[in-house]
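Spelled out from the first residue to the last, the chains are:
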There are 2 protein chains.
Amino acid sequence: MKEIDFLRIISNTLQNNKYLGDDCAYLEDLDIYITQDTLVEDVHFTMNTISAYELGIKSIAVNLSDLASCAALPKYLTISLSLPKTINNNFIKEFYNGVNTMCQQYKTKVVGGDLTKSEKIIISICAIGKKIAKYKAARQLARPNDIIITTGPHGESAAGLKLLPQKTPFTSKHLTPEPRVELGIKLGQICTRDFAMMDTSDGLADALYKIATESKVKLSVDFSKIPFNPKLKEYFSIDYKKLILWGGEDYELVACIKESDYNRLDKNKFFKIGTVTEKSGTGFVMIKDKKNEYTINEKTFDENSYKHFEE
Amino acid sequence: MKEIDFLRIISNTLQNNKYLGDDCAYLEDLDIYITQDTLVEDVHFTMNTISAYELGIKSIAVNLSDLASCAALPKYLTISLSLPKTINNNFIKEFYNGVNTMCQQYKTKVVGGDLTKSEKIIISICAIGKKIAKYKAARQLARPNDIIITTGPHGESAAGLKLLPQKTPFTSKHLTPEPRVELGIKLGQICTRDFAMMDTSDGLADALYKIATESKVKLSVDFSKIPFNPKLKEYFSIDYKKLILWGGEDYELVACIKESDYNRLDKNKFFKIGTVTEKSGTGFVMIKDKKNEYTINEKTFDENSYKHFEE
């Protein structure tokens, strides 16, 4: 059973499903964004390769990244921790030290949560952010002639994961990612109309493909413009391209914005990687790499994307 | 390790801990209450004895009960489901049918969430409610001369659990509890000053003791006034009193309110069970039962209360 089938069942069953499918829900009457993400031991992390402190950092980063993808200002968090009976006191202390570090850096407060017993460590976090941008950011808002931008390099987090427990130049991007909160807010301030945005939690190609299909447009991406750490080539030889496109958990932002808005951005922080070329019935992504062209459509997406419910 | 020790570590580690300890957090700038609760398979429920539909109902009830204990109006929910790979399609459909039933009954919307893989079923729900009462309801607000009230019978949920998988007159109160949302809101409307309130998710005695210690008062409770299902005596003989006091998950409300406010309440819905007699350094509960008196203090509480982290 695939995640998309699960989501279809949920969407068909729930009477009110207009909020489903985005990274965050915008609650108009309260003028806030809300998001919830769960990390499960031995699915999303293993305690052999991440410290409790790093896990605290990462758990918060994952949720703040969702808020960043809506250009929202993080305000509040609730944290539900499910822990085995045998857990060490130090785990909780170190985990919350990581949480503290993030709360200070992103001026966010933990306002509640829950503590339960479980066999594996489960961390479910709910984050609330204020809407501060005048316009809306969501995946279905890309338009022809938009510029496609991203906020940083891709492939490192997946590379770090593959090489664990070995410490490599990629490890920290995997264990303690930095959510692009400031850059998301910056985009929200600069953009002069609604625009498309997602974080790359499930990979760059995944985000591009979802923006393309939800906006029903063709995205044309120049592979040579995608920023990446050149060390990826050393470690992974020709496979490095696959990591850049399909590796997840880099928690960068991808956005499609108006060219005139793009021109007002700092080019050292926002990297142009392509353009939205035209309307397209189902939406797809064309990636040009030197003389080759590579299409992300339903088939290639299905073959390559991260499957939450398959190994 | 006890839950209270975990909470102490969290409270000592977090830089901003003013929100911890209550069932919900009140976010002043947004004028909302927020709460999060997690249910773990084989800790809080087993799939042999609850249907997916009932589990959907109960998961929402648990969170709405927290909002009820703050006299808040439920508005939005996010639901994170972690599911084994082998889960049946029907589980999700039936679970969300249960969610739907509750959303319709309590005029609440599911606005987001997350779906992940895990070994056991884990349901983590975040609920948001609007503040509609003029005054505040929280466990530390009981005052001498307040009337202690509760909204319904106790002991049935724990009785239902003990007798599972047998169907008994108590089963439905355990599997599909009704959160006292309407009664919580009613109290919020009637009360003319801040008042103490909790739900009885961890048992009646637990709620009374927490109100007593957090408010630093003595609560004097008349056992004969506590409503209960007389069938408890048939099924449990003399042990029924223990179930009434210490059995959890009835999801009724307990409040300590001004006598003049109490006089304006419907006596068929709000049952007077005692009075707050006086200030007390540490706070405790005295329960009078015919000629006997029974004290809930640190020792008896520790011996009898539900331990989240012990068997």
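It should be noted that the structure appears before, not after, this text.
Here goes a summary of the coordinates provided. Predicted model, so just to flag it, every value in this text is computed and none were measured.

The rules behind these values
- Residues numbered from 1 in each chain as written.
- Chains lettered and ligands numbered in written order.
- Predicted model: local features only at pLDDT ≥ 70, side-chain atom pairs only at ≥ 80, totals over all residues.
- Heavy atoms only, no water.
- Salt bridge = Lys/Arg side-chain N within 4 Å of Asp/Glu carboxyl O.
- Helix = DSSP H or I, 4+ residues; strand = E, 2+ residues; numbered from the N terminus.
- Buried < 20%, exposed > 50% of the residue type's maximum accessible area, 1.4 Å probe, protein only.
- Contact = heavy atoms within 4.5 Å.
- Buried area = accessible area lost by both parts, 1.4 Å probe.
- Polar contact = N/O pair within 3.5 Å; in protein donor to acceptor, adjacent residues only side chain to side chain.
- Pairing = 2+ DSSP bridges.
- Axes fitted to C-alpha atoms, helices over the stretch in contact; angles between N-to-C directions.

## Examining the pattern of salt bridges
- As enumerated under the stated definition, the model contains 29 salt bridges over all chains in all.
- The salt bridge involving R193(A) is made with D146(A); its shortest N-O contact spans 2.7 Å. Of this pair, R193(A) sits in the loop between α6 (181–190) and β7 (196–199) while D146(A) sits in the loop between β5 (122–131) and β6 (147–150), placing them 47 residues apart in sequence. For the pair R193(A) and D146(A), a shared accessibility class is recorded, and that class is buried.
- Here R264(B) ties to D261(B) by a salt bridge, and the two come within 3.5 Å at their closest N and O atoms.
- With relative accessibility at 48%, the residue R264(B) sits in the partly exposed group.
- Counted as one network, the salt bridges with shared partners bring together K173(A), E178(A), R180(A), D250(A) and E252(A).

## Re the interface of chain B and chain A
- Opposite the 63 residues of chain B that make contact, chain A presents 63 residues.
- Buried surface at the junction of chain B and chain A, summed over both partners, amounts to about 5700 Å²; 64% is from carbon and sulfur atoms.
- Put simply, E119(A) and K120(B) hold a salt bridge, and the shortest N to O gap is 3.4 Å.
- At the surface where chain B touches chain A, the tally comes to 17 residue pairs in polar contact (both at pLDDT 80 or more).
- Sorting the residues of the side of chain B that touches chain A by element identifies α1 (3–13), β1 (25–27), β2 (32–40), β3 (72–83), α3 (89–105), β4 (109–117) and β5 (122–131) of chain B as the ones contributing at least two each.
- No other element matches the 9 residues that β4(B) contributes to the side of chain B that touches chain A.

## A short note on the sheet that holds strand β6 (residues 147–150) of chain B
Residues and elements named next belong to chain B.
- With mixed pairing, 7 strands are arranged side by side in an open sheet as β7-β9-β6-β10-β8-β11-β12. What marks the edges here is a single partner per strand, and that holds for β7 (196–199) and β12 (292–296). Geometrically, the sheet is characterised by an average inter-axis angle of 20° between neighbouring strands, direction not taken into account.
- Seen against the sheet, helix α6 (residues 181–190) touches β6, β7 and β9 (253–257) and runs at an angle of roughly 10° to β9.

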